[in-house]
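Descriptive structure summary
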Amino acid sequence: MVTKNLLLELGTEELPPKALRNLAQSLHDSFVKQLNDQGLKFSSSKWYATPRRLALFVEQLADKQEDKEIEIKGPAVKAAFDVDGNPTKAALGWAASNGIDIKEAQTLETPKGAWLYIKTVKAGKAAVDVIPEMFKTALKSLPIPRLMHWGDKKEEFVRPVHTLCMIYGDELIEGSILGVTSSKTINGHRFLGSQKVNIASADTYVEQLRTEGRVIADYEERKQSIISQVKAIADSVNGVADLDDSLIEEVTSIVEEPHIFKASFEERFLKVPAEALVYTMKGDQKYFPIYDTNKKLLPVFAFASNINPDDPQSLISGNERVVRPRLSDAEFFFNTDRKHSLESLFEKLETIVYQKDIGTIAFRSNCVESLAKYIAAQIGADENKAARAAHLAKCDLASTMVTEFTDTQGVMGMHYAELDGESKEVSDAIFEQYLPRFAGDIIPTNKVSIAVSLAEKIITLVAIFGINQLPKGDKDPFGLRRAAIGAIRIILENNLSINFKELISKACSILGDKIKAADNDAQVANYVYNRLKAYYQDQNIEASIFLAVLSTAPSDLLDFDKRVKAVKAFKALPESENLATAYKRINNILSKNSLALGEINKALLSDQNEIALANALEEVSPKVNELYKQGNYQDALAALSNLKDPVDNFFENVMVNADDQAIKCNRLSLLNSLHDLISKTADISVLY
């Protein structure tokens, strides 16, 4: 079978930069799946993407599909022939549609009767005949939220389409997609090199674009080029560049041949908190800030350009001129805010509505303050500092800086608090109230910050659930999922032992008559426990382990976590499955009996196997109970695994439902004692 390399490229107007990687990867995955489904063999595949193109390269693609032997089932024999043995119209029609004489048909015997059938070979189609439709299908499957059409065309895509190139080896594949006819001519760089490039073959695509078109088609190559150039500029000033991956990805998606230059701004702007300057440089201009070795912002930055003039000074000056007004704005907002203390902004919060059924941000801040003080007392934090931080936490929302640069909330509050002379614990807590901001983000570890951040999240959950504004589907406007996961992480990763259900009840009492939902405490707890399940799944802990612990309904999340880890370790033991099966059997036996059970009467133990189980239980119980008191569930379950053999022998040789009522009751009491001892950690019956 002949194999050649395949190139597919769709040339467009500038694609959405934040979506470029996802579009390219999705296109690749969809097309490769079709290749596999269609039986077209190949050795490897790769996607390319620039702001103005999405491309696929498939190496050593077979020139045709594999032939397939197929069985085609026809009508039932009873319906295929009449009483005289002559073929019916149904049989003749089926034979004709499959290009055979009815005499060539075979008979297939099945439990439901005999049927006509034929075995035939379906010849594979040529790759060049099926690829255009497959490419069209892959393009249609792209995750594009909003399509557009252009000119007088009816076709729709994420951006206007200008070129289509489909080449197998050096052969052009004919076809039309999105109103554009396939051609070997594609677009090069807008400003550098040849604006039109004639691709000789799939093999020369990348190099021709690089040398003739001045386009680096390989996304990762462009990304690494940007990183190395930015690092070189940072090294030239003995600095360290802010290589935020999301920023690098976005810049990679807006240039086809990246060139990085150094620019600067006036040192006077460094009097403004660095975060505000960085926000405008990265967010508005896509510049790379540079810091000194002490992580202090330097008055220089790196920027990417899609052109490379012989004299770049005009380009550099232009970028410096563009960023200066934004830095001046930040400077003005900062100086305006510093005319007043942070606390003086609190009264403005009394006029800003957080949610119409809950009230103002000031009211909510007071609730967080009360809960933060309560939590501080529970975890040994300074109550006054926690209350102070919570009181000031949202004040920066009324500042001119945060009004203009919304992403600086918390950060500016922290700086303004420091400048007002607040303690470091208070100022840090104002920023750390928002932690963790995203998956994998750091969490607060200082106790004052923990109290404020945890109070912030619990008040959010209780208040929004209290007015029946539960998240639906992917809609979660108040960030309840993030709040729940954040609360879980703060408690577990800081090893905080705190009664979570009492914490929810305290929040409900603080919010008072704002709570309208019935059973709000239970609803919030259930929601958090559901997020806890997802938290453990991310750690590859099976759902059955989580459910086993959930049955005991621990109110302390740290205690819950200890049980989960203990059950995970227990499940890895060779004795665990037998003991879990026996525990399930004990549950079933006890649920079917309504006898009043008491202490085990040793005088009624007669069978050597029940005596052995009673002795083993008596021996292990004190040790296990002591381990339970210490919260050492892992060693407790490990100790219980030693009961496997006595339990197995008991069930194999002892009749629980004995004729003698006293003996029966005593054996049930024995099982009940065993059940009570095991159940203190989890319901292990759900593990298997």
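Residues numbered from 1 in each chain as written. Predicted model: local features only at pLDDT ≥ 70, side-chain atom pairs only at ≥ 80, totals over all residues. Heavy atoms only, no water.

With 137 residues, the main nonpolar core has Met 401, Ile 458 and Leu 532 as its most contacted residues. Considering each element in turn, this core owes the most residues, 13 residues, to helix H16 (residues 447–466). Setting aside its immediate chain neighbours within four residues, Ile 458 contacts Leu 371, Ala 487, Phe 500, Leu 503 and Ala 507. (Core = buried A, V, L, I, M, F, W, Y, C linked by side-chain atoms within 4.5 Å. Buried < 20%, exposed > 50% of the residue type's maximum accessible area, 1.4 Å probe, protein only. Helix = DSSP H or I, 4+ residues; strand = E, 2+ residues; numbered from the N terminus. Contact = heavy atoms within 4.5 Å.)

Next up on the list: the side chain of Thr 12. Here Thr 12 shows up in strand S1 (residues 3–12). Since its relative accessible area comes to 1%, Thr 12 is described here as buried. Among residues more than four places away in sequence, those in contact with Thr 12 are Pro 51, Arg 52, Arg 53, Phe 157, Arg 159, Pro 160, Val 161 and His 162.

Now for the environment of Glu 610. For Glu 610, the location among the structural elements is in helix H23 (residues 608–629). For Glu 610, a relative accessible area of 0% gives the class buried. When the C-alpha atoms of Glu 610 and Ala 234 are compared, they prove to be 77 Å apart, with 376 residues separating the residues in sequence. Not counting chain neighbours up to four residues away, the residues in contact with Glu 610 comprise Leu 604, Leu 605, Phe 650, Val 654, Arg 667 and Leu 670. A polar contact is formed between the side chain of Glu 610 and the backbone nitrogen of Ser 606, at a distance of 3.0 Å. (Polar contact = N/O pair within 3.5 Å; in protein donor to acceptor, adjacent residues only side chain to side chain.)

What follows covers the pattern of salt bridges. Throughout the structure, instances matching the rule amount to 40 salt bridges. Between Glu 256 and Arg 53 there is a salt bridge whose closest N-O contact spans 3.2 Å. A residue pair is termed long-range when its members are at least 10 positions apart, and Glu 256 in the loop between helix H7 (245–252) and strand S14 (259–264) and Arg 53 in strand S3 (residues 53–62) qualify at 203 residues. Across the pair, Arg 53 and Glu 256 agree in class, each one buried. In the salt-bridge network here, residues are joined through shared partners; they are Arg 21, Glu 220, Lys 223, Asp 245 and Glu 249. (Salt bridge = Lys/Arg side-chain N within 4 Å of Asp/Glu carboxyl O.)

Attention now moves to the packing of H23 against helix H25 (residues 644–653). Orientation of H23 relative to H25, taken along the N-to-C sense of each, is 150°, at an axis distance of 8 Å. Of the possible angle classes, the one that applies to H23 and H25 is roughly antiparallel. When you trace H23 past H25, the crossing you get is left-handed. Contacts between H23 and H25 pair Asn 609, Glu 610, Ala 612, Leu 613 and Ala 616 from the former with Pro 646, Val 647, Asn 649, Phe 650 and Asn 653 from the latter. Broken down by class, the residue content of the contact of H23 with H25 amounts to six nonpolar, three polar and one charged. (Axes fitted to C-alpha atoms, helices over the stretch in contact; angles between N-to-C directions. Parallel < 35°, antiparallel > 145°, perpendicular 65-115°, else oblique. Left-handed = near helix turned anticlockwise from the far one by under 90°. Nonpolar A, V, L, I, M, F, W, Y, C, P; charged D, E, K, R; others polar.)

Two modes of strand pairing occur in sheets, parallel and antiparallel, and in both the strands are linked by backbone hydrogen bonds. Pairing within the open sheet is antiparallel, and its five strands lie in the order S2-S3-S1-S7-S8. Across the chains shown, the open sheet's two edge strands, defined by having one partner strand only, are strand S2 (44–50) and strand S8 (171–172). Judged from the seven bridges that link them, S2 and S3 form a sheet pairing that is antiparallel. Note that in S3 the partner of Ser 44 across the bridge is Glu 59. Across the face of the sheet, helix H4 (residues 127–140) comes into contact with S1, S3, strand S7 (161–168) and S8 while running at roughly 35° to S1. (Pairing = 2+ DSSP bridges.)

Put simply, Leu 435 and Pro 436 share a cis peptide bond, and its omega is -10°. Topologically, Pro 436 is positioned in the loop between helix H15 (424–432) and H16. Despite not being glycine, Asn 495 has its phi angle at roughly 55°, a positive value. In this structure, Asn 495 sits in the loop between helix H17 (480–493) and helix H18 (500–511). With a relative accessible area of 57%, Asn 495 lands in the exposed category. Its identity as a non-glycine residue notwithstanding, Asn 540 has a phi of 60°, on the positive side. Mapping Asn 540 onto the fold places it in the loop between helix H19 (520–538) and helix H20 (543–550).

This part takes up the sheet that holds strand S13 (residues 240–241). One open sheet holds the four strands; their spatial order is S13-S15-S16-S14, and the pairing between them is antiparallel. Edge positions in the sheet fall to S13 and S14, since each has one partner strand and no second. In this fold helix H6 (residues 219–236) packs onto S13, S14, strand S15 (288–291) and strand S16 (297–305), with an angle of close to 30° to the strand it touches most, S14.

What follows concerns helix H3 (residues 89–97). Every buried residue of H3 is listed here: Ala 91, Trp 94 and Ala 95. Looking straight down H3, one finds its buried side chains confined to an arc of 100°; they lie on one side. When the buried face of H3 is taken as reference, the exposed residues oriented beyond 90 degrees from it are Lys 89, Ala 96 and Ser 97. Directly beyond the C-terminal end of H3, a positive phi value near 70° is found at Gly 99. (Arc of directions from axis to C-beta.)

Before going further, it helps to examine the packing of H16 against H17. Axis separation between H16 and H17 bottoms out at 9 Å; the angle between their running directions is 145°. Read as a crossing pair, H16 and H17 show a hand that is left-handed. Counted together, Ile 450, Ser 453, Leu 454, Lys 457, Ile 458, Thr 460, Leu 461, Ile 464 and Phe 465 of H16 and Leu 480, Ala 483, Ala 484, Gly 486, Ala 487, Ile 490 and Ile 491 of H17 form the full contact between these two elements. Grouping the amino acids of the contact of H16 with H17 by side-chain chemistry returns twelve nonpolar, three polar and one charged.

Let's shift gears to the packing of aromatic side chains. In the structure shown here, the tally under the stated rule is 22 aromatic pairs. Judged by centre distance (5.5 Å) and plane angle (40°), the rings of Phe 546 and Phe 560 are tilted. Of this pair, Phe 546 sits in helix H20 while Phe 560 sits in helix H21 (residues 557–571), placing them 14 residues apart in sequence. The buried category is assigned to Phe 560, whose relative accessible area is 0%. Site record: aromatic cluster; members linked through ring pairs are Phe 261, Phe 265, Phe 269, Tyr 287, Phe 301 and Phe 303. Stacked on the ring of Tyr 354, the Lys or Arg Arg 364 has its end atom at 4.7 Å from the ring centre. In this arrangement the basic side chain of Arg 531 is found over the ring face of Tyr 527, its NZ or CZ atom lying 4.9 Å from the centre. (Phe/Tyr/Trp six-rings, centres within 6.5 Å; stacked < 30°, edge-to-face > 60°. Lys NZ or Arg CZ within 6 Å of the ring centre and 35° of its normal.)

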